[in-house]
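Read off the chains here:
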Amino acid sequence: MGFHETRFPTAVSFGSLGGPERRTEIVTLASGHEERNTPWAHSRRRYDAGLGVKTLDELADLIAFFEARRGRLHGFRWKDWTDCKSCPPSQQPAFSDQVIGSGDGETTDFQLVKEYVSGGESYRRPITKPVAGSVLVGRNGVALTEGADWMLDPATGIVTLAMAPADGSVITAGFEFDVPVRFDSDAIRISAVGFAAGEVPDVPVVEVRV
């Protein structure tokens, strides 16, 4: 079991269906009221890659990718076209997009995160698979220089600053990112005749914790 730092064919993922799911446990009391709880701190994303296959060549690419990952054995990167940036989809990432931490005079490592805000509530999602070359980092509203001021581990999403920021300093970042996933089936079943007739292969993909 391992994780391959390679991205699923984006032409196929562009047409896929999927998104986040939560696990909520609900108990209905005798009064009719409910008690709701969740064992998950973070959502988990699921996709159907088969819906994005439009040509036999794309199907061949999908099968090759599936075989190279040994089915469900190895994880890989997936671009979720509806949620792949630190900013709105129509904009370009900026170093001020997301607050990833504050200085304490000692800490130099900061995990990339994306915050989702609605109706006064928020959720901070750890970003563990940023796209190399897309990450921008700032401190107190000033852009920092990659290499001289900070380094990125693209396999974990951890930004390491060259010097620990002073107490109270605000560290921000902008980035593009992938979702760590694996296939959720060890089989792909499709025929050329059925595909030509409009049959869509069932290729489930599920997010993994890394």
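What counts and what doesn't
- Residues numbered from 1 in each chain as written.
- Predicted model: local features only at pLDDT ≥ 70, side-chain atom pairs only at ≥ 80, totals over all residues.
- Heavy atoms only, no water.
- Pairing = 2+ DSSP bridges.
- Helix = DSSP H or I, 4+ residues; strand = E, 2+ residues; numbered from the N terminus.
- 1 Å grid on protein atoms, 1.4 Å probe; cavity = no way out; pocket = protein on both sides within 12 Å on 5 of 7 lines; lining within 4 Å.
- Points joined across faces, edges and corners; volume = space filled by probe spheres on them.
- Nonpolar A, V, L, I, M, F, W, Y, C, P; charged D, E, K, R; others polar.
- Contact = heavy atoms within 4.5 Å.
- Polar contact = N/O pair within 3.5 Å; in protein donor to acceptor, adjacent residues only side chain to side chain.

Q: When you look at the pairing of strand β9 (residues 113-118) in this model, what are you seeing that I'm missing?
A: Within a regular beta strand, the side chains point alternately toward one face of the sheet and then the other, so they alternate between its two faces. Two elements, β9 and strand β10 (residues 121-126), share 6 bridges in a ladder whose sense is antiparallel. Counted as the bridge partner of valine 113 is proline 126 from β10. The antiparallel pairing of β9 with β10 creates a hairpin that spans 2 residues between the two strands, and glycine 119 there sits at a positive phi of about 60°.

Q: Teacher, can you tell me more about the layout of surface pockets here?
A: Over the atoms, a rolled probe matching the size of one water molecule traces out where space is still vacant. Roughly 190 Å³ of internal volume is contained in the largest pocket. With 3 residues, the top contributor of residues to the lining of the largest pocket is β10. For the lining of the largest pocket, a count of residues per class yields 7 nonpolar, 3 polar and 6 charged.

Q: Help me understand the environment of histidine 33 in this model?
A: Summarising the element assignment, histidine 33 is placed in the loop between β3 (25-28) and β4 (34-37). Histidine 33 sits 121 residues away from proline 154 along the chain, and the two C-alpha atoms are 46 Å apart. Not counting residues up to four positions away in its chain, the partners in contact with histidine 33 are Val27 and Thr28. At a separation of 3.0 Å, a polar atom in the side chain of histidine 33 contacts the side chain of serine 31.

So yeah, pure geometry; function would need other evidence.
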